[in-house]
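# Observations on chain architecture
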Amino acid sequence: MIIFTLLLIFIVVFIVIRCTQRSRRLPPLPLGPKPFPYIGSLIPMLKNKPTFRWIHRMMEEMETKIICIRLGHVHVIAVSDPKIACEFLKDNDEIFASRPDCMSGYLTSDGYLNTSLVPMSDHWKNMRRIIATEIASASGHKWLQNKRGEEADNLLRFMYNRCESNVLVTEEVVNVRIIVQQYTSNIARKIMFGSSYFGKESADGGHGDEEIEHVESFFTILAYTYAFCVTDFFPYLRWITDFDGHERIIRSAIRTARKYQDPLIDERIQQWKDGVMTKKDDLLDVFINLEDPQLTPDHIKSQILDLMIATFDNTWNSIEWALAEMINEPRILEKAVHELDSLVGKDRLVQESDLVHLNYINACVKEALRLHPIAPFTLPRVASRNTTVAGCFIPKDSQVIVSRVGLGRNHEVWDDPLTFNPDRHMNGNKVVVLTSHNLHMLSFSTGRRGCPGVLLGTTIAVMLLSRLIQGFSWEMPPNEPRVVLEESLHNLWMA
Ligand code: HEM
């Protein structure tokens, strides 16, 4: 008995010493607010909404480019430096290639059936492969070119109708936000479903009630996805309460989006079954006819919602900001007009084949993505194991969020970072691309979870700005000297 007790004591002491030695050897966690036991920094987070501004403020106050905020048992690691971002997203891409298991991701993807919000899995790998061949490939892109072209023409028709209508007589001239959102969501609907409208097109070519409600539901889903929902950090609470009300709101928005989309999907599946459809015409047809792997109706519905939102998400915001900045700075607008006049001319409308030659317009879009990203952070990545990055210990299951404003507005990287200056991206005759693989800005991100929609996203955004500039002369409404370039308090959209 005595020998057994001594042996037990010896083993316990040995384990304690080993653990202490190991923890001594571990590098420190990144700097961060001192967490309360168990709840971490939950209370300051709730007191300092919006959370993204609180995180950036703390990083500035602590003069750190990487911060660790403990929320419940989760370490949230925010990064605002390109070199450190590269260490996470490029050097350690394999470790950080998953997404968190959370309420918004689970509900929006209908139980992780989509691509962008699913934790690492074979399903994700299959979906990435499908997107790469069917959407991101040059042939897939070309296949849908006519549909995008029709929308680019529809955009001009709609604006022309607006300018011709009596609305011009009043002070409310053209609401750019409506135009850019309409164009981007129309393209998303058109390439997925073959039609930009759910209901009847309104007389002037604009959105009807159905499309307006559909787009609004996207905003809500986007606003509440990875929105620091309390129950994500205290998962057992979810069974008791929807603590901050996020779940009710996002469920309702998903229901709204899907009430328009899902019946069309069911109907089309039936048409293929009945032999009424025999030729693929849009991405929905592609998803229905996949063989490796075959997608269930639930997978198709989830995937379509994912791609609709992804297509709509970044593009409208960047062009709204770009145009506003350019109207305030006529020299930049004139340069863009000059480029269009000299490379495309005045006798025809700009086409997709022109876009790659429009270096200055591409630079304007890139500058808007740098200075005015739609979201403060990129989608979170999850550490699949303990590791060390930038000399700091990153525990398994940490959620890493790279700050898009932290990179894009970083004064160590960019001269005069808060000024809209497309010329900074011009490099002789070199083609300007919207990606940034050194992560000096975060447009499409990089690595396994980087955006697969670079070609489509670039085409939609550059075409939109080109057509708006080529088709119309822009100036401020009477009595308003400049566009007020102020961000909203709760997100990064123009206030
Ligand atoms: C200007 C337009 C766009 C921008 C700036 C943009 C940006 C991004 C960013 C920053 C991410 C997160 C990447 C990461 O976690 O590291 C992302 C993910 C994603 N984007 Fe885009 N995107 C754009 C357009 C599109 C389009 C048109 C599509 C449609 C195919 C698309 C599909 C996706 C998907 C599916 C993901 C999730 C990837 C994954 O988790 O594996 N995006 N995008």
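Our structure is the block above this text.
The sections below set out a description of the structure shown in this document. (Residues numbered from 1 in each chain as written. Predicted model: local features only at pLDDT ≥ 70, side-chain atom pairs only at ≥ 80, totals over all residues. Heavy atoms only, no water.)

Let us now look at the overall build of the protein. A tally of regular secondary structure across the protein gives 19 helices and 6 strands. By the compact-globule yardstick of 23 Å for 495 residues, the protein fits well, its C-alpha radius of gyration being 25 Å. By principal-axis analysis of the C-alpha atoms, the protein measures approximately 100 × 60 × 40 Å. Within the span of the protein, comprising 495 residues, buried residues form 53% of the whole. For the protein, the computed accessible surface area is about 23,600 Å², with 56% contributed by carbon and sulfur atoms. Across the protein, the 54 positively charged side chains and the 60 negatively charged ones have centroids separated by 8 Å. (Helix = DSSP H or I, 4+ residues; strand = E, 2+ residues; numbered from the N terminus. Rg over C-alpha atoms; globule rule 2.2 N^0.38 Å. Buried < 20%, exposed > 50% of the residue type's maximum accessible area, 1.4 Å probe, protein only. Areas by Shrake-Rupley, 256 points an atom, 1.4 Å probe, with all protein chains shown as cover. Lys, Arg positive; Asp, Glu negative; His and termini not counted. Charge placed at Lys NZ, Arg CZ, Asp CG, Glu CD.)

This brings us to the pattern of salt bridges. Scanning the model with the defined rule gives 27 salt bridges in all. One salt bridge in this structure joins Asp423 and Lys335, with 2.5 Å as the shortest N-O distance. Of this pair, Asp423 sits in the loop between α18 (404-408) and α19 (454-471) while Lys335 sits in helix α15 (residues 330-343), placing them 88 residues apart in sequence. Two residues, Glu487 and Arg409, come together in a salt bridge whose shortest N-O distance is 2.6 Å. Of this pair, Glu487 sits in the segment after α19 while Arg409 sits in the loop between α18 and α19, placing them 78 residues apart in sequence. Among the charged side chains, a salt-bridge network with shared partners connects Arg53, Arg409 and Glu487. (Salt bridge = Lys/Arg side-chain N within 4 Å of Asp/Glu carboxyl O.)

With that settled, the discussion passes to the packing of helix α14 (residues 297-328) against helix α17 (residues 359-371). Interaxial distance between α14 and α17 falls to 9 Å at its minimum, and their mutual angle equals 110°. Here α14 lies roughly perpendicular to α17, going by the angle between them. Residues Ser318, Ile319, Ala322, Glu325 and Met326 of α14 form the contact with α17, whose own contacting residues are Cys364, Val365, Ala368, Leu369 and Leu371. Considering only residue class, the contact of α14 with α17 consists of 8 nonpolar, 1 polar and 1 charged. (Axes fitted to C-alpha atoms, helices over the stretch in contact; angles between N-to-C directions. Parallel < 35°, antiparallel > 145°, perpendicular 65-115°, else oblique. Contact = heavy atoms within 4.5 Å. Nonpolar A, V, L, I, M, F, W, Y, C, P; charged D, E, K, R; others polar.)

Let's shift gears to the coordination of the iron atom of the ligand. There is one protein donor for the iron atom of the ligand, namely Cys451 (SG), at 2.3 Å. Note on placement: Cys451 falls in the loop between α18 and α19. (Donors = N, O, S within 2.8 Å, 3.2 Å for Na, K, Ca; no water.)

By the definition in use, this model includes 12 aromatic pairs. Three or more aromatic residues link up through ring pairs in this structure, and these residues are Phe218, Phe219, Phe312, Trp316 and Trp493. Over the aromatic face of Trp414 sits the side chain of Arg370, whose NZ or CZ is 5.3 Å from the ring centroid. (Phe/Tyr/Trp six-rings, centres within 6.5 Å; stacked < 30°, edge-to-face > 60°. Lys NZ or Arg CZ within 6 Å of the ring centre and 35° of its normal.)

In this structure, Phe287, Leu465 and Leu468 are the most contacted members of the largest nonpolar core, which totals 91 residues. Per-element accounting of this core gives the leading share, 15 residues, to α14. With near-sequence residues (within four places) excluded, Phe287 lies in contact with Met127, Ile130, Leu295, Ile300, Gln303, Ile304 and Leu307. In this structure, Leu42, Val76, Phe377 and Ile401 belong to the second largest nonpolar core, which totals 22 residues. (Core = buried A, V, L, I, M, F, W, Y, C linked by side-chain atoms within 4.5 Å.)

Around the ligand, 24 residues are found, and the nearest of them are Arg99, Arg128, Arg381, Ser445 and Cys451. Arg128 is positioned such that a nitrogen or oxygen atom in its side chain is 2.8 Å from an oxygen atom of the ligand. In the environment of the ligand, an oxygen atom lies 2.7 Å from a nitrogen or oxygen atom belonging to the side chain of Arg381. Listed by contribution, the elements that provide at least two residues to the shell around the ligand are α6 (122-134), α14 and α19. Of the residues contributing to the shell around the ligand, the split by class is 9 nonpolar, 10 polar and 5 charged. (Near = heavy atom within 4 Å. Polar contact = N/O pair within 3.5 Å; in protein donor to acceptor, adjacent residues only side chain to side chain.)

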